[in-house]
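Structure at a glance
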Amino acid sequence: AQTVTQSQPEMSVQEAETVTLSCTYDTSESDYYLFWYKQPPSRQMILVIRQEAYKQQNATENRFSVNFQKAAKSFSLKISDSQLGDAAMYFCAYRSAYFGNEKLTFGTGTRLTIIP
Amino acid sequence: GAGVSQSPSNKVTEKGKDVELRCDPISGHTALYWYRQRLGQGLEFLIYFQGNSAPDKSGLPSDRFSAERTGESVSTLTIQRTQQEDSAVYLCASSLVRIEGQVSRNTGELFFGEGSRLTVL
């Protein structure tokens, strides 16, 4: 079974600074997806960024980028120029690419606080 | 609608009563998921549907929990004889399955609703 580990329950960063959230995972599969989801107090889960395991290039979405290290099974999220609206719970998640193995497995989350 | 819709948004019930939670997925999404999130915790997988069948019910915590899906659309999660430990936010999500040649492939991300907050007194 796949597992996802987020070792930082809480992080804080000064507004406009950069912060990195860590995530590691364990799998025996070679083809999969990794995600970072954001959950603000409104509780809706919002996709921040996704990475396909067969792509070596790290995904980037505006101020959000990942450092995907497949061999090390590491998938960290970097948030540049942090903004107050970035404050939320961030969940790392794993999903197999193989049909029939459907569920998304989440880490326990990191609560990010932005200091004005 | 454009997104995943869940109802009710909030539900308060007395211990021992039955509750039904509803999820309307994004149109065309054949895969549908239920997750539970207790206060301050991560997401706990409950069940997923591919079409109207549920190949993976491994996350249902007890036989008081059941779910069904009809018409490859709406799903209902039913909790019988509710207990206080059932208090949580129940999140529904849907996703596409893409056919590539003769292979079905998960397309990736799940799209979530805003959840139903259940409080059992």
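Read on for a plain summary of the structure.

1. Digging into the interface of chain A and chain B
The interface of chain A with chain B comprises 25 residues on the first partner and 31 residues on the second. Counting each side, the surface lost to burial between chain A and chain B is near 2300 Å², with a carbon and sulfur contribution of 46%. Inspection of the region where chain A meets chain B yields zero salt bridges. Counting the contacts that link chain A with chain B gives nine residue pairs in polar contact (both at pLDDT 80 or more). Of the residues forming the side of chain A that touches chain B, the biggest block, four residues, is contributed by strand S5 (residues 32–39) of chain A.

2. Looking at the sheet that holds strand S8 (residues 75–79) of chain B
Residue and element names in this part refer to chain B. The strand order across the open sheet built from four strands is S1-S3-S8-S7, with neighbouring strands paired in antiparallel fashion. Whereas interior strands pair on both sides, the edge strands pair on one side only; in this sheet they are strand S1 (5–7) and strand S7 (65–69). For this sheet, the mean angle separating the axes of adjacent strands, direction not counted, is 15 degrees. The pairing of S1 with strand S3 (residues 19–24) spans three bridges and is antiparallel.

3. Focus: the pattern of salt bridges
Residue and element names in this part refer to chain B. A full pass over the atoms with the stated rule returns eight salt bridges over all chains. A salt bridge links Arg36 to Glu44; the nearest nitrogen and oxygen atoms lie 3.0 Å apart. Residue classification places Glu44 among the partly exposed positions, given a relative accessible area of 30%. Of the charged contacts in the structure, one is a salt bridge between Asp86 and Arg64, with a shortest N-O distance of 2.8 Å. A residue pair is termed long-range when its members are at least 10 positions apart, and Asp86 in the loop between S8 and strand S9 (88–95) and Arg64 in the loop between strand S6 (53–56) and S7 qualify at 22 residues. Judged by relative accessible area, Asp86 falls into the buried class, the value being 1%. Residue classification places Arg64 among the buried positions, given a relative accessible area of 12%.

4. Section: the packing of aromatic side chains
Aromatic ring pairs are described here by two measures, namely the spacing of the ring centres and the angle between the planes. What the rule picks out here adds up to 15 aromatic pairs over all chains. Seen from their ring centres, Tyr37(A) and Phe112(B) are 5.5 Å apart, and the 85 degrees between their planes marks the pair as edge-to-face. Of the two residues, Tyr37(A) sits in strand S5 while Phe112(B) sits in strand S12 (residues 111–112), which places them in two different chains. Here Tyr37(A) and Phe112(B) have matching classes, each one buried. Ring plane angle 90 degrees and centroid distance 5.5 Å describe the contact between Phe106(A) and Tyr35(B), whose orientation is recorded as edge-to-face. Taken together, the residues span two chains, with Phe106(A) in strand S11 (residues 104–106) and Tyr35(B) in strand S4 (residues 31–37). Taken as a pair, Phe106(A) and Tyr35(B) share a single burial class, namely buried.

5. Observations regarding the state of the cysteines
One pass over the structure, following the stated rule, counts two disulfides over all chains. Each sulfur of the disulfide joining Cys23(A) and Cys92(A) lies 2.0 Å from the other. One disulfide, between Cys23(A) and Cys92(A), carries an S-S torsion of -70 degrees and so falls in the left-handed class. Pair noted here: Cys23(A) is in the loop between strand S3 (19–21) and strand S4 (24–26) and Cys92(A) is in strand S10 (residues 88–96), with a separation of 69 residues, a long-range link. Like Cys92(A), Cys23(A) is buried. Two residues, Cys23(B) and Cys92(B), share a disulfide whose sulfurs are 1.9 Å apart. Since a negative S-S torsion denotes a left-handed disulfide, the Cys23(B)-Cys92(B) link at about -70 degrees is left-handed.

Here is what the cut-offs are and how they apply
- Along each chain, residues carry numbers from 1 onward, in the same order as the chain's sequence is written.
- Whichever chain is written first is A, and whichever ligand is written first is 1; the rest continue in order.
- The predicted origin of the model limits local features to residues at a pLDDT of at least 70 and limits the giving and counting of side-chain atom pairs to 80 or more, whereas totals for whole chains, interfaces and linings rest on all residues.
- Excluded from the side-chain calculation are hydrogens and water; included are all heavy atoms of the structure.
- Working rule for contacts: check all heavy atoms of both residues, and any pair within 4.5 Å makes them a contact.
- Values labelled buried area give the accessible surface lost by two parts on being combined, using a 1.4 Å probe and summing over both.
- Think of a salt bridge as a Lys or Arg side-chain nitrogen and an Asp or Glu carboxyl oxygen that are within 4 Å of each other.
- Side-chain atoms alone can form a polar contact between residues adjacent in sequence; in general such a contact is a pair of N or O atoms within 3.5 Å, and within protein one must be able to donate a hydrogen while the other accepts it.
- Working definition: helices are DSSP H or I runs of at least four residues, strands are E runs of at least two. Numbering for both runs from the N terminus.
- DSSP bridges decide pairing: two strands pair if at least two such bridges lie between them.
- The axes are straight lines fitted to the C-alpha atoms, using for helices just the contacting stretch, and the angles between their N-to-C directions are given from 0 to 180°.
- Three exposure classes are used, based on accessible area relative to the maximum for each residue type with a 1.4 Å probe and protein chains only: buried under 20%, partly exposed in between, and exposed over 50%.
- Within 6.5 Å between ring centres, the rings of Phe, Tyr and Trp (the latter by its six-membered ring) count as paired, and their orientation is classed by plane angle as stacked under 30 degrees, edge-to-face over 60, tilted in between.
- Note on terminology: pairs of cysteine sulfur atoms within 2.5 Å are recorded as disulfides.

Note that every value here comes from positions in space, so none of it alone points to a role or purpose.
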